[in-house]
Structures are given as C-alpha cells and as structure tokens.
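# What the coordinates show
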Amino acid sequence: MFDIACIGILTADCIAKTVDKIPEAGKLGLIDSLKLYTGGCALNASIDLAKLGAEVALLGMVGNDGFGSFMVGELKKYRVDTKGLKMSDYTGSSASVVLVNKEGERSFIHTLGANAIFTDSDVDFSVIEQANIVFVAGTMLMPNFDGEPCARVLKKCKEMGKITVLDSAWDDRGRWMDVLAPCMPYIDYFIPSVEEAQMFAGCDDVAKMADCFFDRGVKHVVIKVGKDGCYVRDTKNSQGITLPTYEKIKPVDTTGAGDSFCSGFLYGLANSMTIEEAAALGNAVGTHCIMEVGASTGIKPYEEIKKFMEANPL
C-alpha cells in the first residue's frame with residue numbers, strides 16, 4: 001500500500017548558479033556552479049514525501065534517454081515506486097535550465113518533452129488502487145493530460161474512494177480556467193500558488209479566489225502566498241486564515257519550494273492532521289527546501305522537521 005500516488009510531470013533540472021545576467025551572443029559568462037538535479041512537480045513531491053517517510057508511487061512519463069535514466073535512478077535511490085512510470089522511445093525527457101540569481105530567485109528555460117504526450121490512458125489504476133491519496137502535480141504543463149483527460153482520472157479516483165489533491169503550474173498559454181474547470185468537481189484539496197490562483201479566479205483577493213474555487217466544486221482550498229505562508233480555508237462557510245512561514249530564513253535557492261510545501265501538506269493529510277496542521281507542516285517543509293540548492297536536497301525526515309517546528313514556533 002502507498003500513502004500517496006503522485007501523477008504528473010518529471011523534469012531533469014540543470015541548475016546554474018549564480019546568474020545575474022545573460023552573456024551577449026557569442027560571449028562567455030562564468031558562474032559558480034552547474035549541476036544536474038531531479039525536478040518537475042510530481043517527481044519533486046514524490047522524492048520529498050519519501051524523504052519525509054511516506055510510502056510513495058509515481059505515475060508519469062520520461063524519455064528513453066540519459067535524462068530519463070538519471071531520473072529513474074534517483075527515484076529508485078529514494079525507494080519511490082516506479083511501476084506506473086512510462087518510458088517513451090518517441091520523445092526525449094522533459095528538461096529545464098534553471099538560472100538562480102544572487103537573491104536565490106530562479107528563472108526557467110523549459111522543454112515539455114515526454115510530459116507533453118502523457119495522457120489518461122497512460123495511468124495505471126492498479127497503482128492508484130493501492131494508494132489512499134492521489135496527487136496531480138503540474139497541471140497546465142501536460143497538454144495531452146490537462147483538462148478532460150485529467151478530469152476523467154480524478155473522477156475515477158473519486159469513484160475508487162480516493163482523496164484527490166491537485167496543484168497547478170504557470171500557464172504560459174493563458175488558458176487557465178478553460179483547462180481546469182472540468183477537473184474541479186473531483187478535487188478534494190486544491191493548492192495553487194497565489195499567482196496561479198489569481199489567474200484562475202480573475203481577482204486579487206484570496207477569499208474571493210477561494211469562493212470561486214468552492215463554487216466550481218472544490219471541497220477544500222489552500223493557496224500558497226510565498227513569504228507570507230499560506231491561506232487555508234476548509235469550506236466555503238468557514239473562515240479562511242493565513243498561516244505564517246519562517247520568513248527570517250534567507251533562501252539559498254527557491255527551486256521546488258512550492259512542491260515541497262505540497263509534500264508537507266500531503267504528509268500531514270496522510271497522517272490524519274487537520275488542514276491547518278498539514279498546511280503548517282507544508283510551510284516548514286518548504287522552508288527546508290529553500291535552505292539548500294536543488295528541489296529536494298534540503299528535505300529531512302518528518303521527525304527532524306517536527307523538531308524544527310517545535311524549536312521555532314510561529
């Protein structure tokens with residue numbers, strides 16, 4: 001049995017640090033380091049969850065190439081189940097070049113790769129059957145899975161009695177609610193970033209954003225609000241609250257911070273925490289992510305995160 005099955009994008013991240021300007025064409029610019037890491041919302045979350053101590057399965061697609069082999073090897077190292085992971089001979093793996101500046105903020109150059117052809121027929125429901133929670137990560141970056149195919153998967157998951165959770169990514173093509181709307185009646189917990197939530201809901205107030213999502217059928221809403229923590233609202237009739245995070249800790253690298261928040265939140269749900277307790281854990285796990293370079297490097301076992309929270313009360 002698995003605590004969580006993650007469905008979504010896998011990406012190889014080449015992280016360049018420190019990059020404060022791009023060289024002119026034909027010129028060379030020196031940086032401090034260039035390293036290869038695992039990335040992509042679903043892959044990040046699955047490794048983070050495994051490091052926290054959860055039993056995790058990952059469903060998605062990579063190319064039959066060096067990047068794909070690297071990602072599969074890393075997943076196996078952390079004992080993430082890969083039975084539901086497909087390998088394509090027709091397209092390469094997804095990959096990103098991540099440019100990190102001296103403030104720790106990052107910019108991405110990205111190719112969708114195999115994530116672009118993954119669709120609902122690639123989902124192995126024998127893996128889903130063994131999980132208590134199903135987490136869809138990377139919505140808006142999977143052209144053949146987003147929208148109706150994703151809705152079909154979520155609907156079947158609900159029919160199977162699973163708890164469903166969905167996180168989104170930035171939509172460079174501006175489709176937003178047109179893509180997400182079919183999925184929303186089948187989402188138990190929706191956990192977008194505040195920037196994405198603004199685009200989905202078409203407003204700037206987090207309470208109104210949450211109202212929009214509840215009206216579309218979502219059961220519970222958590223909105224990541226960056227250095228301010230997260231906005232949590234259990235139902236439309238309940239009072240929303242903003243849970244602060246550890247803003248005094250200076251970020252080394254913010255790559256994967258949102259995914260690590262999701263991982264902490266999911267670990268909390270899997271261990272019978274309330275939505276507020278799970279979100280507070282998400283803040284703490286996200287903080288550990290930004291302490292080191294790489295999407296999952298800084299994540300510690302749950303007991304260590306718990307001690308950190310006890311030693312640093314908010």
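First, a word on scope: everything that follows refers to the structure included in this document. All figures in this text were calculated on a predicted structure; none of them were measured in a lab. Starting afresh in each chain, residues are numbered from 1 along the sequence in its written order. Only residues with pLDDT of at least 70 are given local features in this predicted model, and only at 80 or more are side-chain atom pairs given and counted; all residues enter the totals for whole chains, interfaces and linings. Hydrogens and waters are ignored; side-chain quantities use all the structure's heavy atoms.

### Let's talk about the environment of Asp-124
- The helix and strand labels rest on DSSP assignments: H or I over at least four residues marks a helix, E over at least two residues marks a strand, and numbering proceeds from the N terminus. Here Asp-124 is to be found in the loop between β7 (106-111) and α3 (125-128).
- In this structure the C-alpha to C-alpha distance between Asp-124 and Glu-303, which are 179 residues apart in sequence, comes to 32 Å.

### Quick notes on helix α8 (residues 257-270)
- An ideal rise of 1.5 Å per residue puts 20 Å on 14 residues; α8 measures up with 20 Å between its terminal C-alpha atoms.
- Burial runs high along α8: 12 of the 14 residues are buried.
- Backbone geometry just downstream of α8 places Ser-272 in the positive-phi region, at approximately 65°. One fewer than the residue count of a helix, multiplied by 1.5 Å, yields its expected span. Partly exposed describes any residue whose relative accessible area lies between the buried limit of under 20% and the exposed limit of over 50%, with all areas from a 1.4 Å probe on protein chains only and scaled to the type maximum.

### Details of the nonpolar core
- Core analysis: the largest hydrophobic core is formed by 97 residues, its most contacted members being Ile-7, Phe-135, Phe-213 and Phe-265.
- Between two residues, a contact is recorded if the distance between any of their heavy atoms is within 4.5 Å. Leaving out residues up to four positions away in the same chain, Phe-135 has contacts with Ile-4, Ala-5, Cys-6, Ile-7, Ala-45, Val-165, Leu-166, Asp-167, Ile-191, Cys-262 and Leu-266. For our purposes a nonpolar core is just a set of buried Ala, Val, Leu, Ile, Met, Phe, Trp, Tyr and Cys residues, chained together by side-chain atoms within 4.5 Å.

### Quick look at the packing of helix α6 (residues 194-201) against helix α7 (residues 206-215)
- Here an axis means a line fitted to C-alpha atoms, over the contact stretch when the element is a helix, while the angle between two N-to-C directions is reported on a 0 to 180 degree scale. Across the interface, α6 lies against α7 with an axial gap of 9 Å and an inter-helix angle of 60°. When the axis of α6 is compared with that of α7, the two are oblique. With respect to the hand of their crossing, α6 and α7 are arranged in left-handed fashion. Contacts between α6 and α7 involve Val-194, Ala-197, Gln-198, Phe-200 and Ala-201 from the former and Val-206, Met-209, Cys-212 and Phe-213 from the latter.
- Classifying every residue of the contact of α6 with α7 gives eight nonpolar, one polar and no charged. Angles are sorted into four bins: roughly parallel if under 35 degrees, roughly antiparallel if over 145, roughly perpendicular if 65 to 115, and oblique for all others. Here a crossing is called left-handed whenever its near helix is offset anticlockwise from the far helix by less than a right angle, and right-handed whenever the offset is clockwise. Residues were grouped as follows: Ala, Val, Leu, Ile, Met, Phe, Trp, Tyr, Cys and Pro as nonpolar; Asp, Glu, Lys and Arg as charged; and all remaining residues, including Gly, as polar.

### A look at the environment of Ile-7
- One can find Ile-7 in strand β1 (residues 2-8).
- On a C-alpha basis, the gap between Ile-7 and Leu-43 in space is 8.7 Å, while along the polypeptide they are 36 residues apart.
- When near neighbours in sequence (up to four residues on either side) are disregarded, Ile-7 contacts Ala-42, Leu-59, Phe-118, Val-123, Ile-128, Val-134, Phe-135, Val-136, Ala-137, Phe-145 and Val-153.

### So, the packing of aromatic side chains
- Two rings from Phe, Tyr or Trp (for Trp, the six-membered ring) form a pair when their centres are within 6.5 Å of each other. A pair whose planes differ by under 30 degrees is stacked, one over 60 is edge-to-face, and the rest are tilted. Using the criterion set out here, one finds nine aromatic pairs in the structure.
- Between Tyr-189 and Phe-265 the ring centres are 5.6 Å apart and the planes differ by 70°, which places this aromatic pair in the edge-to-face class. In this pair, Tyr-189 sits in strand β10 (residues 189-190) while Phe-265 sits in helix α8, placing the two residues 76 residues apart along the sequence. Like Tyr-189, the residue Phe-265 is buried in the burial classification.
- With 6.4 Å between their ring centres and 10° between their planes, Phe-261 and Phe-265 make a pair best called stacked. Of this pair, Phe-261 and Phe-265 both sit in helix α8, four residues apart, roughly one helical turn.
- A relative accessible area of 5% places Phe-261 in the buried class.
- Accessibility expressed as a relative area gives 0% for Phe-265, which makes it buried.

### A look at the sheet that holds β7
- When DSSP finds at least two bridges between two strands, those strands are taken to pair. Taken in spatial order, the four strands of this open sheet run β3-β2-β6-β7, and their pairing is mixed. Sheet topology places β3 (33-39) and β7 at the edges, where each strand pairs with a single neighbour. Geometrically, the sheet is characterised by an average inter-axis angle of 20° between neighbouring strands, direction not taken into account.
- As judged from the seven bridges shared by strand β2 (residues 11-17) and β3, these two strands associate in the antiparallel manner.

### Focus on the side chain of Asp-171
- In this fold, Asp-171 is placed in the loop between β9 (163-168) and α5 (177-180).
- Judged by its relative accessible area of 3%, Asp-171 is buried.
- In the analysis that follows, any N or O atom pair within 3.5 Å is treated as a polar contact, provided that within protein one partner can donate a hydrogen and the other can accept it, and provided that, for residues neighboring in sequence, both atoms belong to side chains. Within the structure, Asp-171 has its side chain in polar contact with the backbone nitrogen of Arg-175 (distance 2.4 Å).
- In this structure the side chain of Asp-171 is engaged in a polar contact, spanning 3.0 Å, whose partner is the backbone nitrogen of Trp-176.
- Apart from the residues within four sequence positions on either side, Asp-171 is in contact with Met-140 and Trp-176.

### Points about the packing of α8 against helix α9 (residues 275-290)
- Running from N to C, α8 and α9 cross one another at 145°; their axes reach a closest spacing of 7 Å. Considering how the two elements wind past one another, α8 and α9 form a crossing that is right-handed. Where α8 abuts α9, its residues Ala-257, Ser-260, Phe-261, Gly-264, Phe-265, Tyr-267, Gly-268 and Leu-269 lie against Ile-275, Ala-278, Ala-279, Leu-281, Gly-282, Asn-283, Val-285, Gly-286, Cys-289 and Ile-290.
- In the contact of α8 with α9, the residues fall into 12 nonpolar, six polar and no charged.

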